[in-house]
Amino acid sequence: MTTAERILTDEMIDAIKAFIPRYPSKQAVTLPALHVVNDRLRHVPLQAVVEIAEILDLAPAQVQDTLTFYGFFKQDKPHGEVRAWVCRSISCHLRDADALLEHMCQKAGIRPGETTANGRLTLEFGECLGACEHAPCMLAGETLHTSLTTEEADAFLEDLA
Amino acid sequence: MSDFQPILLANIAIENSHTRAVYESTGGYAALRKVFAEMSKADLIELVKASGLRGRGGAGFPTGLKWTFLPKEHPGPIYFCLNADESEPGTFNNRILMEEDPHQVIEGLILSCFATNTTTAYFYMRYEYPLAWKRVQAAVDECYEAGYLGKNILGSGYDLDIFLHRGAAAYICGEETGLIESLEGKRAWPRIKPPFPAVEGVFHKPTVVNNVETAACVRHIAERGADWFRSMGVPPDPENPRDPGSFGPKLYCLSGHVEKPGCYEAPLGITVNELIEKFGGGIWKGRKAKAAIPGGISMGLLTAEEFDCPLDFAGPGRYQCLGLGTAAVVVMDETVSMVDFLLNSSQFFAHESCGQCTPCREGTSWALKIMQRIKAGRGRLIDLDLLLEIGDNIGIIPGTTICGLADGAAWPLKNGIRKFREEFETYIKQTNPSGFAETEPVPALEMIGVH
Ligand SMILES: Cc1cc2nc3c(=O)[nH]c(=O)nc-3n(C[C@H](O)[C@H](O)[C@H](O)COP(=O)(O)O)c2cc1C
Ligand code: SF4
Ligand code: FES
């Protein structure tokens, strides 16, 4: 057992346990549990994985295996206050999404996947966001930015600067 | 066709179309009441079979037939998974349905669960749909309040729970057995079939996986019958005894270089040309078309000369494409370089391969490396043959992989190079005048430090 300090709060533990009756196996709660932690901490540190495994009667390696399959959950440090995905798939590519992402990264002074120094923004590329009629598009947190122009992208970045 | 009135999109322009009140005011949940009053589970399966409905998730498998593969007299539980992972590039019809008319989807899902004797359904939605997530959750909550979900629905004695389950940004979770593994809390590695999910699916139990739009169609079939559904679309090809026909309305996603991208509804069988002209407002900026993806990037490519291709389940196959797929048409104008197209497509599949099968993992990542090298002006003519060798050898169809992602990766390679070879050759010769004829093995671009 680990001696590290407990990471999951009582609220998180309750939120995770609330999923258990929905499935005939506790392992099925893995993804919901990872989301519970990630929604609150913006990453899922290894200690959280250990604690999730304990709640779900799993080996930590089972939870870690699932976590690492999805490139989605960061582990080392939290993503920015806002996590934004600029779509790079075909419909957005055809409407200059590559140039848009490059422009945004340059302006924010980071490479795709990185977080700005003030911790306010993580900028990533995404694959098709399912909003191709609005290409080029970006999902920032829960907000979909449609038919994004360079000017709108600049304004978005300035708000987070 | 000219007098066709939208069915699946009939109500999306109404204010608050996502609420139960509006849905009921347009006749919503009448089909459910009717089925509970008049039909047995077996009747409903027969009705869906008779309608000729084929799955809208990409493979076009007959829905009623899939349901009959469930073991008879099974003690249960049987599970239903609604596939709302929608991640095929170019595709957004499920999103529109879930955001604008989630009750239509849920009514269809309840009916589908009733027919298949399911009492627990998992609604597996991709992570990147925050609005759809909220609307579907709210709609499910409204259904519990109204007695459309829960115990003894509308006094029928039938119980059903629907649970939303959120994905984590991986395309492979849309493949039905990848979805099942993901739902079980494991990495989304697709399973070897058989056993098919209907026999052994999630939690080792018989499982039905259907697409969101498929469920929405079930709602209308229950209300208006099989003959009505079969009055739209394309009858079976008499030359092909294995073609069950393509019936009903279909949501077409149109994007790329058209004036008016959007989700449009038409009877199955509309041609690419009609879709672009009638709905899309033509090619943008007054330009000419060069090519189009017929049904999501996995389906391959049509040249502009092939835009008379009918978008029914059998149409794109006659034009050497993989199939109708998700009916997501992505149009490219005359300025698009096919090198850029294929680089983009290769990048997607290399990123999304789950890595389980060596031919897919290595094939997609080498296709990307070769395309990057070509793009950077270090391509050789022989690379086109290497790409075709990959394309011809990865997938379920050649028999080398577990799931169809690899077939989807193969088709853009095969169609792209076979239909536009001259353009690739010209690009390679022009950008690599001293090396295009080389045939000796070369290191990947990143290993020689060129970007
Ligand atoms: C790589 C891959 C990704 C897929 N993604 C989806 C998807 O996002 N949504 C979907 O409904 N079907 C998807 N499918 C098809 C499913 O495996 C399955 O055929 C479908 O969900 C069945 O539903 P239907 O019969 O109603 O079409 C995908 C298939 C493959 C090979
Ligand atoms: S074909 Fe590709 S995506 Fe499908 S199971 Fe094999 S490696 Fe994974
Ligand atoms: S390709 Fe960008 S949202 Fe679909």
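Please read these numbers as outputs of a predicted model, since none were measured by experiment.

Which residues make up the domain arrangement of chain A, and what values go with them?
Segmentation of chain A into domains returns domain 1 (10-70) and domain 2 (82-159). Centre-to-centre separation of domain 1 of chain A and domain 2 of chain A, based on C-alpha positions: 29 Å.

Run through the interface of chain B and chain A, naming residues and quoting values.
Counting residues at the interface gives 57 residues for chain B and 35 residues for chain A. Across the chain B/chain A interface, buried area totals approximately 3700 Å², and carbon plus sulfur atoms make up 59% of it. Interface area lost by chain B to chain A is led by Tyr127, Ala168 and Arg187 of chain B, which between them contribute 14%. At the junction of chain B with chain A, the criterion picks out 3 salt bridges. Linking Glu142 of chain A and Lys134 of chain B is a salt bridge whose minimum nitrogen-to-oxygen distance equals 2.8 Å. One can count 18 residue pairs in polar contact (both at pLDDT 80 or more) joining chain B with chain A. Listing elements by their share of the side of chain B that touches chain A, those giving two or more residues are helix H5 (93-100), strand S2 (120-125), helix H7 (130-146), strand S3 (161-166), helix H8 (176-183), strand S7 (249-256), strand S11 (328-333) and helix H12 (338-352) of chain B. Sorting elements by how many residues they give to the side of chain B that touches chain A places H12 of chain B first, with 7 residues. For the side of chain B that touches chain A, the per-class residue count stands at 32 nonpolar, 14 polar and 11 charged.

Which residues make up the site of ligand 1, and what values go with them?
Residues and elements named next belong to chain B. Close contacts around ligand 1 come from 18 residues, with Gly57, Asn83, Glu176, Asn211 and Thr214 the closest. In the environment of ligand 1, an oxygen atom lies 2.7 Å from a nitrogen or oxygen atom belonging to the backbone of Gly57. Here a nitrogen atom of ligand 1 and a backbone polar atom of Gly174 are 3.3 Å apart. In isolation ligand 1 offers 610 Å² of accessible surface; the protein chains occlude 89% of this area. Across the shell around ligand 1, the residue classes tally to 3 nonpolar, 9 polar and 6 charged.

Could you give me a rundown of the domain arrangement of chain B, with the residues and numbers involved?
Residues and elements named next belong to chain B. Domain boundaries assigned for chain B yield domain 1 (20-231), domain 2 (246-333) and domain 3 (338-431). Look at where the C-alpha atoms of domain 2 and domain 3 centre, and you get two points 22 Å apart. Contact with domain 2, which involves 16 residues of that partner, is made by 16 residues of domain 3. Here domain 2 meets domain 3 over a buried area of about 1200 Å², counting both sides, of which 73% is carbon and sulfur. For the pair domain 2 and domain 3, the interface holds 2 salt bridges. The residue Glu306 makes a salt bridge to Lys419 at a minimum N-O spacing of 2.9 Å. Applying the counting rule to domain 2 against domain 3 returns 7 residue pairs in polar contact (both at pLDDT 80 or more). Elements supplying a minimum of two residues to the side of domain 2 that touches domain 3: strand S9 (289-293) and strand S10 (302-303). With 3 residues, the single largest contributor to the side of domain 2 that touches domain 3 is S9.

Summarise the sheet that holds S2 of chain B; cite the residues concerned and give the values.
Residues and elements named next belong to chain B. One open sheet holds the 4 strands; their spatial order is S3-S2-S1-S4, and the pairing between them is parallel. In this open sheet, the two strands that pair with only one neighbour each are S3 and strand S4 (207-211). Pairwise comparison of adjacent strand axes, ignoring direction, gives a mean angle of 20° for this sheet. Relative to S2, strand S1 (residues 79-84) is paired through 6 bridges, and the arrangement is parallel.

Could you give me a rundown of the site of ligand 2, with the residues and numbers involved?
Ligand 2 sits among 13 residues. The nearest are Cys354, Gln356, Cys357, Cys360 and Cys403 of chain B. Split into classes, the residues belonging to the shell around ligand 2 amount to 9 nonpolar, 4 polar and no charged.

Would you mind going over H8 of chain B in detail, with residue names and values included?
The element H8 of chain B is extensively covered by neighbouring structure, given that 7 of its 8 residues are classed as buried. Turning to H8 of chain B, its buried residues are Thr177, Gly178, Leu179, Ile180, Glu181, Ser182 and Leu183 of chain B. Residues of H8 of chain B that are buried make contact with helix H2 (30-41) of chain A together with S1, S2, S3 and S4 of chain B. Downstream of H8 of chain B by one or two residues, Gly185 of chain B has phi in the positive range, about 95°.

An account of a nonpolar patch on the surface is needed here, citing residue identities and associated values.
Residue and element names in this part refer to chain B. Taken together, Phe61, Leu65 and Phe69 make up a surface patch of nonpolar side chains, about 250 Å² in accessible area. Along the polypeptide, Phe61 turns up in the loop between helix H3 (41-51) and helix H4 (63-68). Overall, Phe61 belongs to the partly exposed group, its relative accessible area being 35%.

So, the packing of helix H13 (residues 358-378) of chain B against helix H14 (residues 381-393) of chain B: which residues are in play, and what are the values?
All names here are of chain B. One way to put it is that H13 packs onto H14 with a least axis distance of 10 Å and a crossing angle of 160°. Considering their axes alone, H13 and H14 lie roughly antiparallel with respect to each other. Where H13 crosses over H14, the handedness of that crossing is left-handed. In contact with Gly363, Trp366, Ala367, Ile370, Met371, Arg373, Ile374 and Arg378 of H13, H14 contributes Asp383, Leu384, Leu386, Leu387 and Ile390. The residue makeup of the contact of H13 with H14, split by class, is 9 nonpolar, 1 polar and 3 charged.

Describe the sheet that holds strand S2 (residues 121-126) of chain A, listing the residues and the values that go with them.
Residue and element names in this part refer to chain A. Strand order in the open sheet formed by 4 strands is S2-S1-S3-S4, with mixed pairing between adjacent strands. Either end of the sheet is taken by a strand with one partner, and the two such strands are S2 and strand S4 (143-145). If you compare each strand with its neighbour and ignore which way they point, the axes differ by 20° on average. Both strand S1 (residues 82-87) and S2 contribute to a ladder of 6 bridges, which runs parallel. Along S2, the bridge assignment pairs Trp85 with Glu124.

Describe the environment of Leu111 of chain B, naming the residues involved and giving the relevant values.
All names here are of chain B. Following the sequence through the fold, Leu111 ends up in helix H6 (residues 102-116). Distance from Leu111 to Ala304, taken between C-alpha atoms, is 41 Å for residues 193 residues apart in sequence. The contact partners of Leu111, leaving out residues within four places of it in the chain, are Ala31, Leu32, Val35, Leu44, Val218, Arg219 and Ala222.

An account of unusual backbone geometry is requested, with residue identities and associated values reported.
Look at the link from Ala135 of chain A to Pro136 of chain A: it is a cis peptide, with omega at -5°. One can find Pro136 of chain A in the loop between S2 and strand S3 (138-140). Cis geometry is found at the peptide bond from Lys193 of chain B to Pro194 of chain B, where omega equals -5°. Looking at the secondary structure, you find Pro194 of chain B in the loop between H8 and S4. In this structure, Ser147 of chain A is a non-glycine residue whose phi angle is positive, near 40°. Inspection of the secondary structure puts Ser147 of chain A in the loop between S4 and helix H7 (150-159).

Explain the pattern of salt bridges to me, using residue names and the numbers behind them.
All names here are of chain B. Counted under the stated rule, the structure contains 38 salt bridges over all chains. For Arg191, the salt bridge is made with Glu184, and the minimal N-O distance between the two is 3.1 Å. Residues Arg191 and Glu184 agree in their burial class; the two are buried. Of the charged contacts in the structure, one is a salt bridge between Arg219 and Glu223, with a shortest N-O distance of 3.4 Å.

What counts and how
- Residues numbered from 1 in each chain as written.
- Chains lettered and ligands numbered in written order.
- Predicted model: local features only at pLDDT ≥ 70, side-chain atom pairs only at ≥ 80, totals over all residues.
- Heavy atoms only, no water.
- Domains from an automatic or database assignment.
- Contact = heavy atoms within 4.5 Å.
- Buried area = accessible area lost by both parts, 1.4 Å probe.
- Salt bridge = Lys/Arg side-chain N within 4 Å of Asp/Glu carboxyl O.
- Polar contact = N/O pair within 3.5 Å; in protein donor to acceptor, adjacent residues only side chain to side chain.
- Helix = DSSP H or I, 4+ residues; strand = E, 2+ residues; numbered from the N terminus.
- Nonpolar A, V, L, I, M, F, W, Y, C, P; charged D, E, K, R; others polar.
- Near = heavy atom within 4 Å.
- Areas by Shrake-Rupley, 256 points an atom, 1.4 Å probe, with all protein chains shown as cover.
- Pairing = 2+ DSSP bridges.
- Axes fitted to C-alpha atoms, helices over the stretch in contact; angles between N-to-C directions.
- Buried < 20%, exposed > 50% of the residue type's maximum accessible area, 1.4 Å probe, protein only.
- Patch = residues over 30% accessible without salt bridge, like charges linked within 9 Å, V, L, I, M, F, W, Y side chains within 5 Å.
- Parallel < 35°, antiparallel > 145°, perpendicular 65-115°, else oblique.
- Left-handed = near helix turned anticlockwise from the far one by under 90°.

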